[in-house]
Amino acid sequence: MLKRNFIPVLILVFISLFILKPDIVSEGAFRGLNIWVNNIVPFLFPMSVLSNILLQYNFLYSLFGRMSYLSTKLFKSKFALIPFFISFISGYPSGAMAVNIMAGGKRINEEEANYLTVFANDCSFQFIAGAVSFSMLGNFHLYRFIAIPHFLGALAIGMMMSKKESRLGMNISALRKPVMSFNKAFSTAIYKSVSSILSVGGVIVIFSVISHFLSDSLESIAALLNLKMYISDIIYSLLIGILELTNGCSIITSSSFVPLEMKLIVINFLISFSGMSVIFQTMAVVDEFDFDAKSYIFYKFMQGVMSSLICTLMFIFAGNIY
């Protein structure tokens, strides 16, 4: 009975806590809105509209179809690099949004859509290099110790999954679709992009409130464990980062006790796993196929572990990281 009612009970607990602490809820909600308005809408929305329009035409599929030998060989998917490229530019959850459009247009089947959502929904290079390396760590050149493990980890997960999936590339409709008018493509792109961005914003606000509400409690728990400061900071950043990626990265980078190498290892795990906020954003934007959330979370966790291992190997072979 407890297992069946766990979610409703948990929601009631949060509602009760929110009623008791309206100031914390308000602060968390405004912080989430600020992140959405200033960091998500200005970049992700225009890119979502443009990529949505592009993916409704045959051009991109024909272009990648001519260069599909490597993609098919490695990933058993002719169009695997399309959402991967869009995600590289725009970040989470644009890769999932691209896969959703492709599934809705019958370019890929459901199994392929789930597969592509795992490895082609990644963090943007701009966030890694600009926000994390330059702004948080204060050294732009450290991006290679984050970007290389992150994207190599994603590609490795993609190749590993392709060996296990049996129906990739099957039951796909004909490549070429009837030519769509620009007016229809544009209006469809606006509608879907607005819907997706609003869904993403809702998830960001909810998780910002939860993260803000739990941050003090988690910090206290980490302190009560009576561990060394750098271990306490690592635990605290992981607990927060598993909920919300940006906060977790900010906490670990601001620690004066954690060595730089360990900061980069933790950051690699958090960025590749992406956090529950991004995972729920991904769930919110995929509605054209039956999304396998359990498999997605498992493989994103594996990608986080793999990226951290690749980063560690880079330290061993690179020597001085500065």
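Residues numbered from 1 in each chain as written. Predicted model: local features only at pLDDT ≥ 70, side-chain atom pairs only at ≥ 80, totals over all residues. Heavy atoms only, no water.

Another aspect to go through is the pattern of salt bridges. Under the defined criterion, the tally for this structure stands at 1 salt bridge. One salt bridge connects lysine 300 with aspartate 122, and the closest N-O pair in it is separated by 3.6 Å. With lysine 300 in helix H15 (residues 293-318) and aspartate 122 in the loop between helix H7 (110-119) and helix H8 (125-136), the pair connects residues that are 178 residues apart, well separated along the chain. (Salt bridge = Lys/Arg side-chain N within 4 Å of Asp/Glu carboxyl O. Helix = DSSP H or I, 4+ residues; strand = E, 2+ residues; numbered from the N terminus.)

For the rest of this paragraph, the subject is the packing of aromatic side chains. Across all of its chains, the model carries 17 aromatic pairs by this definition. Both rings, one in phenylalanine 207 and one in phenylalanine 280, keep their centres 5.3 Å apart while their planes meet at 45°; by these two values the pair is tilted. Residue phenylalanine 207 is found in helix H10 (residues 182-224), and its partner phenylalanine 280 is found in helix H14 (residues 275-285); the two are separated by 73 residues along the sequence. On the basis of relative accessible area, phenylalanine 207 is assigned to the buried category, the value being 10%. A relative accessible area of 35% means that phenylalanine 280 is categorised as partly exposed. Here the aromatic rings of phenylalanine 291 and tyrosine 296 are separated by 5.3 Å at their centres, their planes lie at 55°, and the arrangement is tilted. Clustering of aromatic rings is evident, with ring pairs tying together Phe75, Phe84, Phe88, Tyr115, Phe119, Phe125, Phe140, Tyr143 and Phe151. (Phe/Tyr/Trp six-rings, centres within 6.5 Å; stacked < 30°, edge-to-face > 60°. Buried < 20%, exposed > 50% of the residue type's maximum accessible area, 1.4 Å probe, protein only.)

Each neighbour pair has its own omega, and for tyrosine 92 with proline 93 the value is -10°, a cis peptide bond. The topology assignment puts proline 93 in the loop between helix H5 (81-90) and helix H6 (94-104). You will see that lysine 106, though not glycine, has its phi angle at about 60°, which is positive. For lysine 106, the position within the fold is in the loop between H6 and H7.

Attention now goes to the side chain of aspartate 233. Structurally, the position occupied by aspartate 233 is in helix H11 (residues 229-243). Buried aspartate 233, no salt bridge; nearest opposite-charge side chain is lysine 263, N-O distance 8.2 Å. A polar contact of 2.6 Å, which involves the side chain of aspartate 233, links it to the side chain of serine 255. (Lys, Arg positive; Asp, Glu negative; His and termini not counted. Polar contact = N/O pair within 3.5 Å; in protein donor to acceptor, adjacent residues only side chain to side chain.)

Core analysis: the biggest nonpolar cluster contains 71 residues, and Leu55, Ile82, Leu264 and Ile271 have the highest contact counts within it. For this core, the element with the highest residue contribution is helix H13 (residues 260-273), accounting for 9 residues. What isoleucine 82 contacts, discounting residues up to four positions off in sequence, is Leu55, Leu60, Tyr61, Phe64 and Met102. Ranked by size, the runner-up nonpolar core spans 5 residues in total, among them Phe14, Phe207, Ile210 and Leu243. (Core = buried A, V, L, I, M, F, W, Y, C linked by side-chain atoms within 4.5 Å. Contact = heavy atoms within 4.5 Å.)

Here we take up the side chain of serine 196. With respect to the helices and strands, serine 196 occurs in helix H10. Discounting residues that sit within four places of it in the chain, serine 196 has contacts with Met97 and Val285.

What follows covers the environment of serine 308. By the secondary structure assignment, serine 308 is in helix H15. Residues serine 308 and proline 149, spaced 159 residues apart in sequence, show a C-alpha to C-alpha distance of 7.1 Å. What serine 308 contacts, discounting residues up to four positions off in sequence, is Ile265, Asn268 and Phe269. For serine 308, the side chain forms a polar contact with the main-chain nitrogen of phenylalanine 269, separated by 3.4 Å.

With that settled, consider the packing of helix H2 (residues 22-55) against H6. Relative to each other, H2 and H6 sit at 25°, their axes nearing to 10 Å. As far as their axial angle goes, H6 and H2 are roughly parallel. Judged by the sense of rotation from one axis to the other, the crossing of H2 with H6 is right-handed. Between H2 and H6, the contacting residues are Leu44, Ser48, Asn52 and Leu55 on the first element and Ser94, Met97, Ala98, Ile101 and Met102 on the second. (Axes fitted to C-alpha atoms, helices over the stretch in contact; angles between N-to-C directions. Parallel < 35°, antiparallel > 145°, perpendicular 65-115°, else oblique. Left-handed = near helix turned anticlockwise from the far one by under 90°.)

Taken together, the side chains of Phe6, Ile7, Leu10, Ile11, Leu12, Ile15 and Ile19 define a hydrophobic patch exposed on the protein surface, amounting to about 680 Å² of accessible area. Inspection of the secondary structure puts phenylalanine 6 in helix H1 (residues 6-20). On the basis of relative accessible area, phenylalanine 6 is assigned to the partly exposed category, the value being 44%. (Patch = residues over 30% accessible without salt bridge, like charges linked within 9 Å, V, L, I, M, F, W, Y side chains within 5 Å. Areas by Shrake-Rupley, 256 points an atom, 1.4 Å probe, with all protein chains shown as cover.)

With that settled, the discussion passes to H7. In terms of residue burial, H7 counts as a mostly covered element, since 9 of its 10 residues are buried. Residues of H7 that are buried: Glu111, Glu112, Ala113, Asn114, Tyr115, Leu116, Thr117, Val118 and Phe119. On the buried face of H7, the contacting elements are helix H4 (68-75), H5, H6, helix H9 (144-162), H14 and H15. By the N-cap criterion, in which a side-chain oxygen at the helix start approaches the backbone nitrogen of a residue two or three places on, H7 is capped by asparagine 109, the distance to glutamate 111 being 3.2 Å.

Viewed as axis vectors pointing N to C, H11 and helix H12 (residues 245-254) meet at an angle of 165°, and their least axial separation amounts to 6 Å. One element, H11, and the other, H12, form an angle in the roughly antiparallel class. Two packed elements cross with a definite hand, and for H11 against H12 that hand is left-handed. Only Leu245, Asn247, Gly248, Ile251 and Ile252 of H12 make contact with H11, whose side of the interface consists of Asp233, Ile234, Tyr236, Ser237, Ile240, Gly241 and Leu243. Class assignment for the residues of the contact of H11 with H12 results in 7 nonpolar, 4 polar and 1 charged. (Nonpolar A, V, L, I, M, F, W, Y, C, P; charged D, E, K, R; others polar.)

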